[in-house]
Amino acid sequence: MTNRRSPILHDKPGQSPSNRSLERGVEILRAFRPGSELLGNSDLAERTGLSKATVTRLTQTLVGCGMLQADHPSRAFRLAPAVLSLAHAMRTGSTVLSIAAPLMRTLAETRRINVGLACPDRDEMVYLESIRYNRRIVLRHVVSGQRVPMELTSLGRAYLAAAPSARRKALLDSFRLKRGAQWPALEQQIQAAIKSVKSQGFCAASWQPEVVALATPLVTPDAIYVLNCSVSTTEPLPTIVQELHPALLQLGRQIESLLEKL
């Protein structure tokens, strides 16, 4: 299955890049995902929708800038170490993350649960931090930088509840096209989650087998983040919701209070 770029290019409706070449270069970098670490020009052209000639020029430039490394035997490319340094700079420079991470770790250790902080990127959610204290041993491990579907997860649905109406509508239209026959049932779940966030401050979902997750939006002047907590369990979803939602909401209030003091 190919991974063509999302039709939603920007988190702010109406925003367009002033430099087309720069945008295309970013699309090349975005094409690399876990499981797709080594990509040739043909692969990149298919994933980005750009012509092979354009991709060839861009990969040469990105190699020269130190953002890609050429793997000559396979005639393909991989991300260069400089990309990792950018991610490190982002994490160390994030005020929200520096405030939230210690509080998240305390909650995770105290309750023996998983606690995460994520933000939106196009139609996905990206973990900025994930502190894992599973009560049960599971195969799924979530790390910083990992992406999850917005429409299926409590993280994404909490974001949709807090997103500006124009942005939310654009995303829902995208999901409608992507999900096809699955959309009517999925839309009901999303609308119920949005209603839950607006009335109770959080929503819950169980999109992975035996994993229950709760999420609450964290709205700052600069961006919308989402906090979540999850457990691997066979207990019913309402039981876990009743048990965990007070701690999640309290965590959100603690972080907001500290941010307001800056």
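What counts and what doesn't
- Residues numbered from 1 in each chain as written.
- Predicted model: local features only at pLDDT ≥ 70, side-chain atom pairs only at ≥ 80, totals over all residues.
- Heavy atoms only, no water.
- Salt bridge = Lys/Arg side-chain N within 4 Å of Asp/Glu carboxyl O.
- Helix = DSSP H or I, 4+ residues; strand = E, 2+ residues; numbered from the N terminus.
- Buried < 20%, exposed > 50% of the residue type's maximum accessible area, 1.4 Å probe, protein only.
- Expected span 1.5 Å × (residues − 1).
- Contact = heavy atoms within 4.5 Å.
- Pairing = 2+ DSSP bridges.
- UniProt positions renumbered as here; feature names shortened; annotations may be inferred.
- Domains from an automatic or database assignment.
- Axes fitted to C-alpha atoms, helices over the stretch in contact; angles between N-to-C directions.
- Core = buried A, V, L, I, M, F, W, Y, C linked by side-chain atoms within 4.5 Å.
- Parallel < 35°, antiparallel > 145°, perpendicular 65-115°, else oblique.
- Left-handed = near helix turned anticlockwise from the far one by under 90°.
- Nonpolar A, V, L, I, M, F, W, Y, C, P; charged D, E, K, R; others polar.

The protein chain goes by Transcriptional regulator, IclR family in an unreviewed UniProt entry, where it is assigned to Delftia acidovorans.

K.L.:
Would you mind going over the pattern of salt bridges with me for this structure?
P.N.:
Pairs may arise between side chains of opposite charge once their charged atoms sit close together. Tallied over the full model, the rule gives 14 salt bridges. Across the salt bridge formed by K178 and E151, the nearest N and O atoms sit 3.0 Å from each other. Of this pair, K178 sits in helix α7 (residues 165-179) while E151 sits in the loop between β5 (147-149) and α6 (154-162), and the two are 27 residues apart along the sequence. According to the relative accessible area criterion, K178 is partly exposed, its value standing at 44%. Here the salt bridges share partners, and the residues they tie into one network are R30, R33, D121, E124 and R147.

K.L.:
Mind showing me how you'd approach helix α5 (residues 95-111) here?
P.N.:
Structurally, the α-helix is built with 3.6 residues per turn, so residues lying three or four positions apart point the same way. For α5, spanning 17 residues, the distance from its first C-alpha to its last is 25 Å, which sits close to the expected 24 Å at 1.5 Å a residue. Of the residues making up α5, those classed as buried are V96, L97, I99, A100, A101, M104, L107 and A108. Elements that come into contact with the buried residues of α5 comprise α4 (81-92), β3 (114-121), β4 (124-131), β7 (211-219), β8 (224-232) and α9 (237-260). A positive backbone phi angle near 55 degrees is found at R112, which sits one or two residues after α5.

K.L.:
I would appreciate a short explanation of the pairing of β8 in the present structure.
P.N.:
The two faces of the sheet receive side chains in turn, since in a regular strand these alternate between them. Buried residues dominate β8, accounting for nine of its nine residues. The alternating pattern of β8 places I224, V226, N228, S230 and S232 and Y225, L227, C229 and V231 on opposite faces, both of which are buried. For β3 and β8, the ladder comprises five bridges, and the chain directions are antiparallel. Residue pairing for β8: V115 is matched across the bridge by C229. Examined bridge by bridge, β7 and β8 share nine bridges and lie antiparallel to one another. Paired with T216 across the two strands is L227, which belongs to β8.

K.L.:
Would you take a moment to explain the UniProt feature "domain: HTH iclR-type" (unreviewed entry) in the protein chain for this structure?
P.N.:
Taking the numbering used here, the UniProt-annotated feature "domain: HTH iclR-type" (unreviewed entry) corresponds to residues 19-81. End-to-end, the C-alpha atoms of residues 19-81 are 25 Å apart, and along that stretch the chain is 52% helix and 13% strand.

K.L.:
Is there a simple way to explain the domain arrangement of the protein chain in this structure?
P.N.:
Many analyses report the size of an interface as the accessible area lost when the parts associate. The domain boundaries assigned to the protein chain delineate domain 1 (20-79) and domain 2 (94-260). When each unit is reduced to the centre of its C-alpha atoms, the spacing between domain 1 and domain 2 is 32 Å.

K.L.:
Sorry, what's going on with the sheet that holds β8 here?
P.N.:
Strand pairing within a sheet occurs via backbone hydrogen bonds; the two strands may be parallel or antiparallel. Pairing is antiparallel in the open sheet, where six strands are placed in the order β5-β4-β3-β8-β7-β6. Two strands bound the open sheet, and with one partner strand each, they are β5 and β6 (203-208). The mean angle between the axes of side-by-side strands here comes to 35 degrees, regardless of whether they run parallel or antiparallel. Across the face of the sheet, α9 comes into contact with β3, β6, β7 and β8 while running at roughly 25 degrees to β7.

K.L.:
Explanation requested: the nonpolar core in the structure shown.
P.N.:
If you look at soluble globular proteins, the nonpolar side chains tend to sit buried side by side. With 32 residues, the main nonpolar core has M104, V115, L117, L214 and I255 as its most contacted residues. Looking at this core element by element, the count peaks at nine residues for α9. Not counting residues within four places of it along the chain, the set of residues in contact with L117 comprises V96, L97, A100, M104, V126, Y127, L128, E129, Y225, V226 and L227. With 25 residues, the next largest nonpolar core counts M150, F175, L186 and V226 among its residues.

K.L.:
How do you make sense of the packing of α6 against α7 when you look at a structure like this?
P.N.:
A pair of packed helices is characterised by two quantities: the angle between their axes and the separation of those axes. Packing of α6 against α7 brings their axes to within 8 Å, and their N-to-C directions diverge by 140 degrees. Comparing their axes, α7 and α6 come out oblique. For the pair α6 and α7, the sense of crossing is left-handed. Judged by residue contacts, Y159, L160 and A161 of α6 engage R167, R168, L171, L172 and F175 from α7. When grouped by side-chain class, the residues that make up the contact of α6 with α7 number six nonpolar, no polar and two charged.

K.L.:
How should I be thinking about the environment of G252 in this particular structure?
P.N.:
Within the fold, G252 resides in helix α9. A relative accessible area of 6% places G252 in the buried class. Along the chain, G252 and L218 lie 34 residues apart, while their C-alpha atoms are 6.6 Å from each other. Every residue in contact with G252, bar those within four places of it in the chain, is listed here: L218 and L227.

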